[in-house]
Amino acid sequence: MSAYQEQYQWAQQKPEQFWQRQAQNIDWFQAPQTILANDENGIERWFPDGVMNTCWLALDTHCDQGRGAQTALIYDSPVTGVKLRYSYLQLRDQVAVIAGMLAAQGVTKGDRVVIYMPMIPEAVMAMLACARLGAIHSVVFGGFAPSELAVRIEDAEPKVIMTASCGVEVNKLIPYKPMIDQAIMDSRWKPENVFVLQRPQCEAELNQERDIDWLQAQQSALPHACVPVLATDPLYILYTSGTTGKPKGVVRDNGGHAVAMKYSMSAIYNMPQDGVFWAASDVGWVVGHSYIVYAPLIHGCTTILYEGKPVRTPDPGAFWRVCEEYQVDVLFSAPTAFRAIKKEDPQGESLKQYDLSQLNAIFMAGERLDPPTLEWVVSHANKPVIDHWWQTETGWAIASNLTGVEMMPVKAGSATMPVPGYQVAILNEMGQAVEANQQGFIALKRPLPPSCLPTVWRNHDRFESGYLSQFPGYYVSGDGGYLDQDGYLFIMGRIDDVINVAGHRLSTGEMEEIVGGHPAIAECAVVGIHDELKGQLPLGFVVLKDGVSIDDITLEGELVSKVRDSIGAVACFKHALVVERLPKTRSGKILRRTIRQIADGESYTVPSTIDDPTSISEIERVLRL
Ligand code: COA
Ligand code: AMP
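Since the model is a prediction, treat every value here as computed from it, not as a measurement. (Residues numbered from 1 in each chain as written. Chains lettered and ligands numbered in written order. Predicted model: local features only at pLDDT ≥ 70, side-chain atom pairs only at ≥ 80, totals over all residues. Heavy atoms only, no water.)

Participant: What exactly am I supposed to notice about the environment of Phe195 here?
Facilitator: As for its position among the elements, Phe195 is in strand S11 (residues 193-197). Taking the C-alpha atoms as reference, Phe195 lies 44 Å from Gly473; in sequence the two are 278 residues apart. Contact partners of Phe195, with chain neighbours within four places excluded, come to Met101, Leu102, Gln105, Val160, Ile161, Met162, Thr163, Ile212, Trp214 and Ala217. (Helix = DSSP H or I, 4+ residues; strand = E, 2+ residues; numbered from the N terminus. Contact = heavy atoms within 4.5 Å.)

Participant: Would you mind showing me how to read the site of ligand 2 here?
Facilitator: Around ligand 2 sit 15 residues, and of these Asp387, Thr392, Asp479, Arg494 and Arg505 come closest. At 3.0 Å from a nitrogen atom of ligand 2 is found a main-chain nitrogen or oxygen belonging to Gly366. At a separation of 3.3 Å, a nitrogen atom of ligand 2 approaches a polar backbone atom of Glu367. Of the residues belonging to the shell around ligand 2, the class tally is four nonpolar, five polar and six charged. (Near = heavy atom within 4 Å. Polar contact = N/O pair within 3.5 Å; in protein donor to acceptor, adjacent residues only side chain to side chain. Nonpolar A, V, L, I, M, F, W, Y, C, P; charged D, E, K, R; others polar.)

Participant: What's the story with the UniProt feature "domain: AMP-dependent synthetase/ligase" (unreviewed entry) in the chain in this structure? I'm lost.
Facilitator: Mapped onto the present numbering, the UniProt feature "domain: AMP-dependent synthetase/ligase" (unreviewed entry) falls at residues 68-447. In the segment residues 68-447, helix accounts for 30% and strand for 24%; the C-alpha atoms at its two ends are 37 Å apart. (UniProt positions renumbered as here; feature names shortened; annotations may be inferred.)

Participant: I'm lost on the sheet that holds strand S26 (residues 489-494) in this one. Help?
Facilitator: The pairing of strands in a sheet comes from backbone hydrogen bonds and takes either a parallel or an antiparallel form. If you walk across this open sheet you meet the four strands as S23-S24-S25-S26, and the pairing is antiparallel. Edge positions in the sheet fall to strand S23 (424-427) and S26, since each of these pairs with one other strand and no more. Between one strand axis and the next, the sheet turns by 50 degrees as a mean value, whatever way the strands run. (Pairing = 2+ DSSP bridges. Axes fitted to C-alpha atoms, helices over the stretch in contact; angles between N-to-C directions.)

Participant: Mind showing me how you'd approach the site of ligand 1 here?
Facilitator: Near ligand 1, the surroundings consist of 23 residues, among which Glu169, Lys172, Lys309, Lys534 and Arg564 are the closest. Measuring from a nitrogen atom of ligand 1, one finds a backbone N or O atom of Gly143 at 3.4 Å. Considered on its own, ligand 1 offers 960 Å² of accessible surface; in the complex 84% of this is hidden by protein. Looking at the shell around ligand 1, you find at least three residues from each of domain 1 (3-429 + 439-462 + 474-482) and domain 2 (497-624). (Areas by Shrake-Rupley, 256 points an atom, 1.4 Å probe, with all protein chains shown as cover. Domains from an automatic or database assignment.)

Right, dumping it as structure tokens:
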């Protein structure tokens, strides 16, 4: 039996024994006696009586073990020209003081803290400071607009918000404070305080009653110790797009998460304890949570926080420069980043200027790794390129090539095989397993392994109805795909209204709600169409209300601004086409899949249930214009 099969079968046949063994690799305050048990909702929970603290695992334990002088965090910011290094000891001490600063405002275990910050070290420190107190952080991606932030504030009900005065994008500053003010005004829930870190690029005006100057408060704060929490206590809430306008608050627990993070660093990424790990993502996404912050630090690595882009900061050699400068062992990013590099440097000239001998592998996730991008990176970087599939809901890879267990041959277009602990099944609409090479719903047999969400924040019904009830005994991933005859998993894309734009997960359903809210619009459909660079881009089709007269260009401009103002620039909603009618079934369901196929130039069959076949030619007509 191969090493992979051995691990996989161990985890499948004796999950409690397997995960108890993995749990021994972290430094518990009180090791769990119970490994798996059902909670009050009937959901399987890992290590329910284990007592620990995630910040302790990420920082203090390494200092205690005499590794305090090792570099924990490297901050590299081509947009500001700043480079900084923090040892484990320095990071621990600073995080302890920030925890003290939060505690001085009454933040305690179980309180929520919203973090709306750019990619600066204080964002990482804020997350770890919350973990230190047992407070639950909810990081909101800096590219989201105030209304998205408001929805999250209202749902998480944070005691305080932590922010910075601005973000720095390529050639532009994004003042954060006005967005925070707007979001708090729009939200029914009002936080007691807002900590504002003043950045020199753009200082914010503070509201004397509510806002606190972060650096001043930090100067007078006392360090706070790690607060023991149960493994099942929440570490964070991370909102992710679902099929409606209301994002889902994915809850991550402390213990299962820490064990899975630690296991993944060895089994999936094959990282030495003192190695350098670089996830070129953003702390606002799950990749940033897991692989910029928690996993590398829990494993004792050096992690890199990069405030820049793959291109234009200043050139397409940026990724390779960072890899050489910090001797990166493993690089992890989204395929869209490499497509951007390839577009600007098709011959890979900039790669040749850097010594990448230290780099062992490049991992990709967030969207499908298209074979041309895979080929380009392999041929120019001359390194193993590993596609792995995961979701905000799981917090770590469901399928991957396990480079630390056994490197398997790569098949282009496949995320390789299920990671030990995940039982992947391909089901048909009746919930029956289909044969190899047949597409279906990708489902995960319960129990899910450690780190996977146990619920949706304060909305357990949504967890049940959105993930568990369709196929009893299984979690439905929302992705479709197939397993081939060798057991390789191929992800073919979402089967719901979620799209991935430049590795950012967005809801077309939400965009439809916003577009449909325009006074001129009777109804609309937003679909994700193929884009060479960003993987997918949203495209709107709108039907005007009778009697409305507005020219198409003006309307498109208004709809684009409306989506940008509501979701943020990251939505990349740039086009809306006016049609006479939308293709629908006789029961009134909009045929979004057919619309998308037409827009992508794919072959399609018109469903026999279509209400008005001329609506198809109408879509074709506007796309030709
Ligand atoms: N704060 C504020 N605005 C942001 C932002 C942030 N953190 N991130 C992006 N934006 C804005 C951009 O400035 C841009 O605004 P514009 O329309 O006014 O120009 C808009 O959102 C779209 O940004 P983006 O999708 O990033 O497009 P881009 O053309 O600037 O860059 C890529 C394209 C491919 C280089 C970039 O998307 C990228 O690096 N992607 C990798 C994504 C990733 O790491 N995903 C995580 C999963 S691993
Ligand atoms: P997020 O929750 O933002 O990480 O997005 C998760 C979704 O991104 C998944 O449900 C997939 O649709 C997509 N995704 C992530 N990784 C991959 C991958 N390696 N291949 C194909 N799709 C992926």
